[in-house]
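Next come the chains, spelled out residue by residue.
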Amino acid sequence: MTSMYVVCVQSLIRNFCSARSSGKTTSLTAWATILWILSTISTVADAYCTLYAYSWQLDFPGGPILYLDSIQGQPVPALSYATYLLTMWVADAMMLWRLVVFYTDVNALARGLILSFMSLLYIGSLGTGCFTIMLSSFNQTLYSTLSRKVAIPCFTLSVTLNVFATAFIAIRLLMYKRFTEQSLGKKQARKSPYTSIATMLIESSALYATWSLVFIVLYALSDPGQYIMIQMLRNVQVIAPLLIVYRVSKGTAWGETTSTNLNSTLTEPVYYDNQGGSVIMHRSEQQVSLESSDSSQANSECKGESV
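Residues numbered from 1 in each chain as written. Predicted model: local features only at pLDDT ≥ 70, side-chain atom pairs only at ≥ 80, totals over all residues. Heavy atoms only, no water.

### Brief notes about the overall build of the protein
Thought 1: Scanning the protein for helices and strands turns up 12 helices and 3 strands.
Thought 2: Within the protein, buried positions represent 42% of all 307 residues.
Thought 3: Counting only contacts in the protein whose residues sit at least 6 apart along the sequence, the fraction spanning at least 24 positions is 70%. (Helix = DSSP H or I, 4+ residues; strand = E, 2+ residues; numbered from the N terminus. Buried < 20%, exposed > 50% of the residue type's maximum accessible area, 1.4 Å probe, protein only. Contact = heavy atoms within 4.5 Å.)

Structure, rendered in structure tokens:
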């Protein structure tokens, strides 16, 4: 997680020094820094409690686990839960922003319905999450019966938001891929930075959505695997958005004008020139090179016309 954060910040700083979208670069740097700080605090606080319990509280009646349950209302455990939920909300906000970017030029009614639905999920997650934090001040652990009744809806809303966001973004990319294949052919469509499987997985934050879904299922079933998943989720919910930030910093992520620019490029007239057995498609200022399937035949035809 920290390595990914450092790589992102370095790339963003280079953009800032080159005066390329300095305002956006500053915002993304601040957002990434806040996300990393919150996740780090949550991880350190949880590690401190666990280390203290298993190092100095082995003789506690019931063992270290019951000791951890008994201190849930104290500042350090409460800090761990609060910063974990804050990290989740900041990561979810990134998904909402990416949805806005992907659906900027879509029909206003469809865009409004999608964003309204996703915003309601986000607000619901905020409300139930705040109540969960309040319960921690009454010695209620995240795994207690009362907290589960509130935390399960909170995590479920967050998971639902991420699953739907992943689906909506993936659908948008698949529609673009289909349009590109129809316009240029499958061979040229593969060269687009937006049609690869890796791009779809990163841009849609599929890693975060999948991990969150597995965790909420284990949490709802009170399966012991939930303790492992939540520890890993602290890092996954930071790494997945940082991968998107890195693509934005490199200029390879989907932007507000990407769809409009690509549509205008792909729908302009095409002119062909034969140059050394290759065909060049001219679309405004962009050139897409296509290798001729039979260069020898093209050369012979040119010779025949000259004669």
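### A word on a nonpolar patch on the surface
Thought 1: Judged by side-chain polarity, Val 163, Leu 213, Val 217 and Leu 221 come together as a nonpolar surface patch covering roughly 350 Å² of accessible area.
Thought 2: Relative to the helices and strands, Leu 221 is located in the loop between α9 (206-220) and α10 (225-250).
Thought 3: The exposed category is assigned to Leu 221, whose relative accessible area is 63%. (Patch = residues over 30% accessible without salt bridge, like charges linked within 9 Å, V, L, I, M, F, W, Y side chains within 5 Å. Areas by Shrake-Rupley, 256 points an atom, 1.4 Å probe, with all protein chains shown as cover. Salt bridge = Lys/Arg side-chain N within 4 Å of Asp/Glu carboxyl O.)

### Some points on the pattern of salt bridges
Thought 1: The final tally for this structure, using the stated rule, is 1 salt bridge.
Thought 2: The salt bridge involving Arg 234 is made with Asp 46; its shortest N-O contact spans 3.5 Å. Taken together, the residues Arg 234 in helix α10 and Asp 46 in helix α2 (residues 22-56) connect sequence positions 188 residues apart. We note that Arg 234, like Asp 46, is buried.

### Describing the environment of Asp 92
Thought 1: If you trace the backbone, Asp 92 turns up in helix α4 (residues 75-102).
Thought 2: When its relative accessible area of 0% is taken as the criterion, Asp 92 is described as buried.
Thought 3: Sequence spacing of Asp 92 and Ser 158 is 66 residues, and the spatial spacing of their C-alpha atoms is 7.2 Å.
Thought 4: A distance of 2.9 Å separates the side chain of Asp 92 from the side chain of Asn 162, its partner in a polar contact. (Polar contact = N/O pair within 3.5 Å; in protein donor to acceptor, adjacent residues only side chain to side chain.)

### Comments concerning the packing of α4 against α10
Thought 1: Contact geometry of α4 with α10 gives a least axis separation of 10 Å together with a crossing angle of 30°. Of the two elements, α4 crosses α10, and the hand of that crossing is left-handed. Seen from α4, the contacting residues are Ser 80, Tyr 84, Thr 87, Met 88, Ala 91, Met 94, Trp 97 and Arg 98; seen from α10, they are Ile 230, Leu 233, Arg 234, Gln 237, Val 238, Pro 241, Ile 244, Val 245 and Val 248.
Thought 2: Residue composition of the contact of α4 with α10, by class: 12 nonpolar, 3 polar and 2 charged. (Axes fitted to C-alpha atoms, helices over the stretch in contact; angles between N-to-C directions. Left-handed = near helix turned anticlockwise from the far one by under 90°. Nonpolar A, V, L, I, M, F, W, Y, C, P; charged D, E, K, R; others polar.)

### Structural notes on the environment of Ala 30
Thought 1: Note on placement: Ala 30 falls in helix α2.
Thought 2: The partly exposed category is assigned to Ala 30, whose relative accessible area is 38%.
Thought 3: A C-alpha to C-alpha distance of 9.5 Å links Ala 30 and Val 9, two positions 21 residues apart in sequence.

### Quick word on the nonpolar core
Thought 1: Leu 99, Met 118, Phe 155 and Phe 215 are the most contacted members of the largest nonpolar core, which totals 51 residues.
Thought 2: Ranked by residue count, the leading element in this core is α4, at 11 residues.
Thought 3: Within the second largest apolar cluster, 5 residues are counted, among which are Cys 49, Ala 53, Tyr 67 and Leu 68. (Core = buried A, V, L, I, M, F, W, Y, C linked by side-chain atoms within 4.5 Å.)

### Focus: the packing of aromatic side chains
Thought 1: Taken as a whole and assessed by the stated rule, the structure comprises 12 aromatic pairs.
Thought 2: Aromatic side chains Tyr 84 and Phe 155 sit 6.1 Å apart centroid to centroid with 70° between the ring planes, which places their arrangement in the edge-to-face category. Taken together, the residues Tyr 84 in helix α4 and Phe 155 in helix α6 (residues 145-184) connect sequence positions 71 residues apart.
Thought 3: What makes Phe 155 buried here is its relative accessible area of 3%.
Thought 4: One aromatic cluster is present, built from ring pairs that chain together Tyr 48, Tyr 52, Trp 56, Phe 60 and Tyr 67. (Phe/Tyr/Trp six-rings, centres within 6.5 Å; stacked < 30°, edge-to-face > 60°.)

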